[in-house]
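As a plain string of letters, each chain reads:
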Amino acid sequence: PPPPPPPPPPRVVEPAKARANLQGLITADDYPAAAMRNEETGTVGVRLAIGTDGRVTGCTVSSSSGSSSLDSTTCRLLQRRARFTPARDNRGQPIADTHNQRITWRLE
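Bear in mind that the values here come from a model prediction, so they are computed numbers and not experimental data.

Thresholds, definitions, all that
- Residues numbered from 1 in each chain as written.
- Predicted model: local features only at pLDDT ≥ 70, side-chain atom pairs only at ≥ 80, totals over all residues.
- Heavy atoms only, no water.
- Pairing = 2+ DSSP bridges.
- Helix = DSSP H or I, 4+ residues; strand = E, 2+ residues; numbered from the N terminus.
- Buried < 20%, exposed > 50% of the residue type's maximum accessible area, 1.4 Å probe, protein only.

A.B. asks: Help me understand the pairing of strand β3 (residues 42-50), please; the structure alone is not making it clear to me.
C.D. replies: The pairing of β3 with strand β8 (residues 97-105) spans nine bridges and is classified as antiparallel. Across the sheet, the residue bridging to R47 is N100, located in β8. When β3 meets strand β4 (residues 56-63), the two strands line up antiparallel, connected through six bridges. Looking across to β4, one finds that L48 is bridged to C59. Linking β3 back to β4 in an antiparallel pair, the connection comprises five residues, with G54 at a positive phi of about 85°.

Quick look at the structure:
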């Protein structure tokens, strides 16, 4: 007989929550020099993968700002700086989750 199907993945009961305002983790000092020279602005949409420890384990650009420099800098900074309270399953155990975020870059 065929092997039994794998158990269903744990259900997210409590989603991951950012410990800080993610937009606030990026400052004017973080503006990429090339983007500043080219006067590039825009909003980057990202999908963050959150590990069971609340750290960002991956970042994918889901909506480009139109500037590859702003897009890549957003992912790099959020992976390094963002921290989350991990998601929890129906047993209260921490589980991996994702979080969608938009970051807007503006020149002063």
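Anyway, onward from the coordinates.
A.B. asks: Help me out: how do you make sense of unusual backbone geometry in this one?
C.D. replies: Trans peptide bonds make up most of the peptide bonds, and negative phi angles are found at most residues other than glycine. Positive phi, normally seen in glycine, also occurs at E39, with a value near 55°. Among the secondary structure elements, E39 is positioned in the loop between α1 (33-37) and β3. Classification of E39 by relative accessible area gives exposed; the value is 63%.

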